[in-house]
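Listed below, chain by chain, are the residues.
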Amino acid sequence: MLIKKPSDIKPSEITPESVYRNRRQFIGDGSKFLLGAAAASAMPSLANAQTGDSLKARAPVTMQRTPPAAWWADKFADIKPAPDSEPFYTGEALTPYEDVTQYNNFYEFGMNKGDPSSNSGSYKADPWSVEITGEVAKPGTYNLEDILKPHDLEERIYRLRCVEAWSMVIPWVGFPLADLIKRFEPTSKAKFVEFETLVDAETMPGIRSRFSIVDWPYREGLRMDEAMNPLTLMAVGVYGDYLPPQNGAPLRLIVPWKYGFKSIKAIVKINFRETMPNTTWVDLQSQEYGFYANVNPDVHHPRWRQDTERRLPQTLFSRSRIATRPFNGYGEQVASMYEGMDLSRYY
Amino acid sequence: MRKLIKPLVFVLALVPFAILLLRIFQNNLGPDPVQELSLETGEWTLRFLIIALAMTPLRRITAQVEFTRHRRMLGLFALFYATLHLAVWLVFLLEFRWVAMAEEIFERPYITVGFSAYLILLALGLTSPRVMVRKLGKNWKRLHKLVYVAAVLGVVHLLWILRLDIGPAVFYGALVALLLGYRAWFSLKSRRV
């Protein structure tokens, strides 16, 4: 796959918003022709896809969540199922919904893996707005509904590799970050994207901890080409259902070829900038965590090895320790972005 | 009545172990059971170490000899949980890759520190029978003062595992500091007298 560096993309090449907003008409025109040509037998599967019944994975009925607001239900009624082939899909066994939603690192809710699910009862994912700032033609504060409106949701099944050497396979629901970014019309100076998580001491007990060494808000960032990569997802759901607070409701990033901490949760701010942003983990421990944080079995974390991972869930007597792959197995899609870079230096 | 206290303490000290066993058999350790076991056994090591260290001050403060009667057993329980902690690491995390074990001990400071603390506890455990106390004479007391070194190393080991919130290390660190402070204060006081 040819992926251009941000410096190679002329501002004129980025799709103007007017064209973008009318893309449905454009796609519609094309699909009318395609549908006319297609055999009638193709119709049921298409209809099926539109009702969302053919999603690869659904949350258990008893655990399904109520929508954060009424409009969410409409949005989720129409999710495009994951394809049958890599990279937006993997056939590896899914990590069960219970584990995906009860084994989390979300330090704003506490330090233990079970804290985010048990301490987030008073958290509110609605109403929500996201502030867009920096090197864009259309900065401003946008309601979440307006942010999601033009985007069709799709299911994607990705591997998630935590820097702590465990991993999961998770069916997300979201849309490409690239589509969102184009709407704000980044200027030629936009070389990096910076994200911030909500800080609300009232509903996030971890923020109140006196012994936390974090300077909230949690911040993460991507290089522009990483942000525009087709793999990079803005997620709003998991297992065909609305994101629970502990998984980053209502809006989070998913960057499957990087360690999990890059996939920032509960995003309230997206800032476009010319210089590399400081991120929370780099500020805390720059010898241990780098800006890139690409999954790399050859570069060990100073405190533990990274060449293997514990695929969760495990039981004590059936432990699946598997080899960690470069870029978490997404090298074909992303390795070209780092050509010529010394990845042991830029970890 | 007094005779019953010792078996009671013994059984109570085994409760955390029994709970862990139960959780293993119920498969109730969460999606990452190895991590859970290693956290639990590690924390119980530190707790027993601190409880054992608190016995002498408690005896002095309350003038109840009863406390020191259980000091050795509680110390041995710290060694017991530390051994489980080490075993979980070796059996489930390293899966008996001895070379990797050696690498980890020498390359990862938090493991170097934790392993050193274990060696100290092991030495203290091996020299805990009365025969050894008699054999070592004066040196026994000197050797067993190392328990404070083990406790400090244990707290450092914990501190280096934590990543964003150092609350637990501050908590156990404060307890160890308190016990060490009391000890220093007491020996200073008795030297003057």
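Residues numbered from 1 in each chain as written. Chains lettered and ligands numbered in written order. Predicted model: local features only at pLDDT ≥ 70, side-chain atom pairs only at ≥ 80, totals over all residues. Heavy atoms only, no water.

Attention now goes to the overall build of chain A. Within chain A one finds 12 helices and 13 strands. Taking all 347 residues of chain A together, the buried fraction comes to 52%. Counting only contacts in chain A whose residues sit at least 6 apart along the sequence, the fraction spanning at least 24 positions is 74%. When the accessible surface of chain A is summed, it comes to about 15,300 Å², and 53% of that surface belongs to carbon and sulfur atoms. (Helix = DSSP H or I, 4+ residues; strand = E, 2+ residues; numbered from the N terminus. Buried < 20%, exposed > 50% of the residue type's maximum accessible area, 1.4 Å probe, protein only. Contact = heavy atoms within 4.5 Å. Areas by Shrake-Rupley, 256 points an atom, 1.4 Å probe, with all protein chains shown as cover.)

All names here are of chain A. Tracing the chain through its elements places Tyr123 in the loop between α6 (115-118) and β2 (129-134). Each C-alpha atom, one on Tyr123 and one on Pro245, is 6.8 Å from the other, the two residues being 122 residues apart in sequence. Residue contacts for Tyr123: discarding those within four places in its chain leaves Phe109, Trp128, Leu198, Thr203, Met204, Pro245, Ala249, Pro250 and Ala266. There is a polar contact of 2.7 Å between the side chain of Tyr123 and the backbone oxygen of Ala249. (Polar contact = N/O pair within 3.5 Å; in protein donor to acceptor, adjacent residues only side chain to side chain.)

Moving on: the interface of chain A and chain B. Counting residues at the interface gives 31 residues for chain A and 27 residues for chain B. A buried area of about 2,700 Å², summed over both sides, lies between chain A and chain B, and 57% of it is on carbon and sulfur atoms. Across the salt bridge formed by A:Arg310 and B:Asp32, the nearest N and O atoms sit 2.7 Å from each other. Where chain A packs against chain B, one counts 17 residue pairs in polar contact (both at pLDDT 80 or more). Looking at side-chain class alone, the side of chain A that touches chain B contains 17 nonpolar, 7 polar and 7 charged residues. (Buried area = accessible area lost by both parts, 1.4 Å probe. Salt bridge = Lys/Arg side-chain N within 4 Å of Asp/Glu carboxyl O. Nonpolar A, V, L, I, M, F, W, Y, C, P; charged D, E, K, R; others polar.)

We now examine the sheet that holds strand β6 (residues 192-197) of chain A. All names here are of chain A. Reading across the sheet, the 5 strands line up as β3-β2-β11-β6-β7 and stay open at both edges, with mixed pairing between neighbours. Looking at which strands have only one partner, the edges of the open sheet turn out to be β3 (140-143) and β7 (219-223). Mean inter-strand twist for the sheet, computed between neighbouring axes without regard to direction, equals 20 degrees. (Pairing = 2+ DSSP bridges. Axes fitted to C-alpha atoms, helices over the stretch in contact; angles between N-to-C directions.)

So, about the packing of helix α1 (residues 2-25) of chain B against helix α4 (residues 71-93) of chain B. Residues and elements named next belong to chain B. One way to put it is that α1 packs onto α4 with a least axis distance of 11 Å and a crossing angle of 20 degrees. The angle between α1 and α4 falls in the class roughly parallel. Once α1 is placed against α4, the crossing between them reads as right-handed. Residues Lys6, Val9, Phe10, Ala13, Leu14, Pro16 and Phe17 of α1 form the contact with α4, whose own contacting residues are Met73, Leu74, Phe77, Phe80, Tyr81 and Leu84. (Parallel < 35°, antiparallel > 145°, perpendicular 65-115°, else oblique. Left-handed = near helix turned anticlockwise from the far one by under 90°.)

Residue and element names in this part refer to chain B. Mean pLDDT over chain B: 93, with 99% of residues reaching 70 or higher. Mean pLDDT in chain B bottoms out at helix α3 (residues 66-69), which sits at 89, and peaks at helix α6 (residues 109-126), which reaches 97. Prediction confidence for the complex, expressed as pTM and ipTM, is 0.84 and 0.83 respectively. (pLDDT = per-residue confidence, 0-100.)

Residue and element names in this part refer to chain B. At a closest axis distance of 11 Å, the pairing of α1 and helix α2 (residues 33-62) adopts a crossing angle of 175 degrees. Here α2 runs roughly antiparallel to α1, going by the angle between their axes. Here α1 contributes Ala13, Pro16, Leu20, Arg23 and Ile24 to the contact with α2, which in turn contributes Glu36, Leu37, Glu40, Thr41, Trp44 and Phe48. For the contact of α1 with α2, the per-class residue count stands at 7 nonpolar, 1 polar and 3 charged.

Time to look at a positive patch on the surface. All names here are of chain B. Judged by side-chain charge, Arg71, Lys138, Lys141, Arg142, Lys145 and Arg191 come together as a positively charged surface patch. Counting residues per element, the positive patch draws most heavily on helix α8 (residues 138-144), which supplies 3 residues. Along the chain, the position of Lys138 falls in helix α8. (Patch = residues over 30% accessible without salt bridge, like charges linked within 9 Å, V, L, I, M, F, W, Y side chains within 5 Å. Lys, Arg positive; Asp, Glu negative; His and termini not counted. Charge placed at Lys NZ, Arg CZ, Asp CG, Glu CD.)

Quick look at the side chain of A:Thr232 now. All names here are of chain A. Tracing the backbone through its elements, the reader meets Thr232 in the loop between α10 (224-228) and β8 (233-238). The class for Thr232 is buried, based on a relative accessible area of 0%. At 2.7 Å, the side chain of Thr232 and the backbone oxygen of Glu226 are in polar contact. Other than its neighbours up to four places away in sequence, Thr232 contacts Phe175, Pro176, Leu177, Leu222, Glu226, Ala227, Leu253, Ile254, Val255 and Trp257.

When pLDDT is averaged across chain A, the result is 88; 85% of the residues are at 70 or more. A low-confidence stretch, residues 23-52 of chain A stays under pLDDT 50, and its non-local contacts, those more than four residues away or across chains, total 21 contacts.

Quick look at a nonpolar patch on the surface now. Residues and elements named next belong to chain B. Together, Leu8, Leu12, Val15 and Ile19 give the surface a local cluster of nonpolar side chains, amounting to about 370 Å² of exposed area. With respect to the helices, strands and loops of the structure, Leu12 is situated in helix α1. Judged by its relative accessible area of 54%, Leu12 falls in the exposed class.

All right, on to helix α10 (residues 167-192) of chain B then. Residue and element names in this part refer to chain B. Compared with an ideal rise of 1.5 Å per residue, which puts 26 residues at 38 Å, α10 spans 37 Å between its outermost C-alpha atoms and is within 8% of the ideal. Of all the residues in α10, the buried ones are Gly167, Ala169, Tyr172, Val176, Leu179 and Tyr182. Among the structural elements, α2 and α9 (146-161) are those in contact with the buried residues of α10. (Expected span 1.5 Å × (residues − 1).)

Residue and element names in this part refer to chain A. Both faces of strand β12 (residues 308-311) are covered, namely the face carrying Thr308 and Arg310 and the face carrying Glu309 and Arg311. Bridge count between strand β5 (residues 166-176) and β12: 2 bridges; the pairing is parallel. The residue bridging Ser167 from the neighbouring strand is Arg311, located in β12.

Right, let's get into the environment of B:Leu86. Residue and element names in this part refer to chain B. Take Leu86: it is sitting in helix α4. Separated by 40 residues in the primary sequence, Leu86 and Leu126 have C-alpha atoms spaced 17 Å apart. Once you skip the residues sitting within four places of it in the chain, Leu86 turns out to touch Phe115 and Tyr118.

What follows is about the side chain of A:Asn104. All names here are of chain A. In this fold, Asn104 is placed in the loop between α5 (97-102) and α6. A distance of 3.0 Å separates a polar side-chain atom of Asn104 from the backbone oxygen of Val100. Among all residues touching Asn104, those that are not within four sequence positions of it are Asn112, Lys113, Pro116, Gln246, Asn247 and Lys265.

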